[in-house]
Amino acid sequence: MRNSISVAAQSPEALPRPSGVRRFFKLLLKQRTLVFMSVPFVIWIFVFKYLPLWGWTIAFQHYRPNLGLFEQEWVGLSQFKFLFADESFIRVMRNTLAMAVIKLVLGFVTAITLAILLNELRMIVFKRTVQTISYLPHFISWVVAANIISTALSIDNDGIVNKVLMWLHLIDKPIMWLGVGHYFWGILGISEVWKDVGWNTIVYLAAMTMIDPSQYEAAEIDGASRFQRILRVTLPGLKPVVIILLIMNLGNILETGFEPQYLMGNGMNADYSENLEIFVLKYGISMGNFSLATAAGIFKTVISFVLLFSANSIAKRMGEERLF
Amino acid sequence: MQAPVKKVYKRFRSPGDRLFDTINVLLLLGLTVVTLYPFVNTLAVSLNDANDSIRGGIYLWPRDFSWGNYKYVFKEATIFHATLISVLRTVIGTVVTVLASAMVAYTISRPEFVLRKFVTVMFVLTMYLNGGLIPNYLLIRDLHLIGSFWVYIVPGIIGVFNMIVIRSFIEGLPEGILESARIDGAGEFRTFMRIVLPLSMPALATVALFTGVYQWNSWFDVFLYNSQVPDLSTLQYELMRMLANSNSNSSMTSASAFANSGNDNANYVTPTSIRATMTIVASLPMILVYPFLQKYFVKGMTLGGVKG
């Protein structure tokens, strides 16, 4: 018995072995259905996701759309120099950073809080209902959301926010919320929470189901109150998920979005509502300065990569979960 | 003093516990109100007679019920056509994306596939690489996709996140089922179509929902590539233009121009009620669908979120 196995294992050695390349092509031929099912999409992804990377070169050129690829004038880093000297770019960077920090902090705190509140609910039907309703705003477009938000914030009859605040005697007369620049970051932060806080609880609620129930029982027997159980059992149980999401979000921190800023921005709040994406759109598409807009885009990507890798290596050094 | 003794048999709740529960329920009720009120209010305004809405004071239900706004919106040729394009891109985009993502996901779930690693890396890398707005725009321009319906479909055929959700699901299928299909002489494609696709319905439903929502809600690609082609406008883009009009122009001029634009409709409409009506039309399909798929997308988010 033992003999026959070893012979079977050795027999390929005995035959003249096809070389690696030939074996590869032979397998490829044999698996041609799988090849036909995947390779066209690899070509697709190459064209639509990798080819545009070549477009980064135009940030180092004085790009003129009417000239061919190889007829462009190379200008080195002068686009970047112009960018960093541009006052509006500095302002746009300030807005982007402010929006990013607000989004990150507010997003994490509210989603974790809501997940904990839902987790503490004992009425299952009520819990399910609240969950379903809280997902709702995630499924509407920013166009619809911006419509709803600007209606709610308006100074005329439909502006529920002004109405409630006046009813509570917090303000004397209606405020034009979207007409005052320095309210914009706050309005944006709250709008983003309104739209996605429910959706963002999904992953935390899933992580909470992984916490061993005996930990809660032990804490209860030791006389821990509800708050203490949340602080000592639930929150530590969420730590790995929070750290992974934090690293992923740090890599995307400058992706502050484009739609809410564009849709709720106007002439009166432009100094606070214009972020990097809008800068790129304005210079690139509206004014046709493709080179400068691409340079701004590259700047964003480089910063994102630096942040992603440093967050990851900090997590590694602290002995925490990490992305890669 | 018998009551406490009785309660021990149920579950002991201290006064602090009860206070916590009460505050918790109140907070969550507050969240529900803040989430739902804007929709309910918009619905009420859209179902209220436009003329009457000017007086204000409509909160939870219409005061002077009327279908007038809806009749007006659907008689408007632009909006009707835009709705049609929205439906088309949602249906075609979803079918194409689900099939293509599932197909590639299946190939990279086959351990014996020689190109498995190559294909996986090619796709996963794009999660971190992005050419950016301008290079993408130039590519679309050079491919002559500007001014075409296919610019809504082709650039987004496969989302990497969606593919990972499906792959994780296929990898969890019992290997024996695929094995028996192969023993019965089914080829890879047949196995995929007849066995893998039907068994992966939960994952496909998740991806279909994500794609459908994305397609239905998109307006930026219309704005960027097809703003010069009225025939390819979508519902969201039309709503966006109304919002932009009302932002830049708080007076009635542009809006009433729209409201009275050569329409033999006897109904009187106002920009506010048209906007409310369009908001409902643009969000209702997704609002009606997602609760039924909740079980699937919650699972999909957890799968993709953890492994992706």
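Rules of the game
Residues numbered from 1 in each chain as written. Chains lettered and ligands numbered in written order. Predicted model: local features only at pLDDT ≥ 70, side-chain atom pairs only at ≥ 80, totals over all residues. Heavy atoms only, no water. Core = buried A, V, L, I, M, F, W, Y, C linked by side-chain atoms within 4.5 Å. Buried < 20%, exposed > 50% of the residue type's maximum accessible area, 1.4 Å probe, protein only. Domains from an automatic or database assignment. Contact = heavy atoms within 4.5 Å. 1 Å grid on protein atoms, 1.4 Å probe; cavity = no way out; pocket = protein on both sides within 12 Å on 5 of 7 lines; lining within 4 Å. Points joined across faces, edges and corners; volume = space filled by probe spheres on them. Helix = DSSP H or I, 4+ residues; strand = E, 2+ residues; numbered from the N terminus. Nonpolar A, V, L, I, M, F, W, Y, C, P; charged D, E, K, R; others polar. Buried area = accessible area lost by both parts, 1.4 Å probe. Salt bridge = Lys/Arg side-chain N within 4 Å of Asp/Glu carboxyl O. Polar contact = N/O pair within 3.5 Å; in protein donor to acceptor, adjacent residues only side chain to side chain.

**A closer look at the nonpolar core**
Line of reasoning, step 1. Residues Phe139 of chain A together with Phe123, Ile158 and Phe297 of chain B are the most contacted members of the largest nonpolar core, which totals 130 residues.
Line of reasoning, step 2. Two domains each donate at least three residues to this core, and these are domain 1 (15-74) and domain 2 (83-317) of chain A.
Line of reasoning, step 3. Ile158 of chain B has contacts with Phe41 and Trp44 of chain A together with Ala100, Ser101, Val104, Phe123 and Met163 of chain B, leaving out every residue within four places of it along the chain.
Line of reasoning, step 4. Counting 24 residues, the second-largest nonpolar core is a separate cluster that includes Leu114, Val193 and Tyr204 of chain A together with Val25 of chain B.

**A short note on empty space enclosed by the protein**
Line of reasoning, step 1. What the rule picks out here adds up to 3 cavities of 30 Å³ or more.
Line of reasoning, step 2. When its volume is computed, the largest cavity comes out at roughly 60 Å³.
Line of reasoning, step 3. Taken together, Ile148, Thr151, Ala152, Asp158 and Ile160 of chain A together with Tyr37, Pro38, Asn41 and Thr42 of chain B make up the full set of residues lining the largest cavity.
Line of reasoning, step 4. Going through the elements one at a time, α7 (142-152) of chain A together with α2 (15-46) of chain B are the ones with two or more residues in the lining of the largest cavity.
Line of reasoning, step 5. Top element by residues in the lining of the largest cavity is α2 of chain B. It accounts for 4 residues.
Line of reasoning, step 6. Its residues assigned to classes, the lining of the largest cavity comprises 5 nonpolar, 3 polar and 1 charged.
Line of reasoning, step 7. Lining the second largest cavity are Asn157, Asp158, Gly159, Ile160 and Lys163 of chain A together with Tyr37, Asn41, Ile58 and Tyr59 of chain B.

**Looking at the domain arrangement of chain A**
Residue and element names in this part refer to chain A.
Line of reasoning, step 1. The domain boundaries assigned to chain A delineate domain 1 (15-74) and domain 2 (83-317).
Line of reasoning, step 2. Listed by partner, the interface residues are 9 residues for domain 1 and 6 residues for domain 2.
Line of reasoning, step 3. Between domain 1 and domain 2 the total buried area reaches about 590 Å² when both faces are included, carbon and sulfur atoms providing 77% of it.
Line of reasoning, step 4. Looking only at domain 1, the three residues that lose the most surface to domain 2 are Trp56, Ile58 and Ala59, adding up to 68% of its buried area.
Line of reasoning, step 5. Across the contact surface, domain 1 and domain 2 share 0 salt bridges.
Line of reasoning, step 6. Where domain 1 packs against domain 2, one counts 3 residue pairs in polar contact (both at pLDDT 80 or more).
Line of reasoning, step 7. Of the residues belonging to the side of domain 1 that touches domain 2, the class tally is 6 nonpolar, 3 polar and no charged.

**A few points about unusual backbone geometry**
Line of reasoning, step 1. Its identity as a non-glycine residue notwithstanding, His169 of chain A has a phi of 60°, on the positive side.
Line of reasoning, step 2. On the secondary structure map, His169 of chain A appears in the loop between α8 (160-167) and α9 (184-209).
Line of reasoning, step 3. Residues other than glycine seldom take positive phi values, yet His144 of chain B does so here, at roughly 55°.
Line of reasoning, step 4. With respect to the secondary-structure elements, His144 of chain B resides in the loop between α7 (133-142) and α8 (160-171).

**Section: the interface of chain B and chain A**
Line of reasoning, step 1. Chain B puts 91 residues into the contact, and the matching count from chain A is 82 residues.
Line of reasoning, step 2. Taking both partners together, chain B and chain A bury about 7,700 Å²; carbon and sulfur atoms supply 75% of that area.
Line of reasoning, step 3. Inspection of the chain B/chain A interface yields 4 salt bridges.
Line of reasoning, step 4. We note a salt bridge from Asp21 of chain B to Arg122 of chain A, for which the minimum N-O separation is 3.5 Å.
Line of reasoning, step 5. Linking chain B with chain A are 21 residue pairs in polar contact (both at pLDDT 80 or more).
Line of reasoning, step 6. Residue contributions to the side of chain B that touches chain A peak at 17 residues, all from α2 of chain B.
Line of reasoning, step 7. For the side of chain B that touches chain A, the per-class residue count stands at 61 nonpolar, 20 polar and 10 charged.

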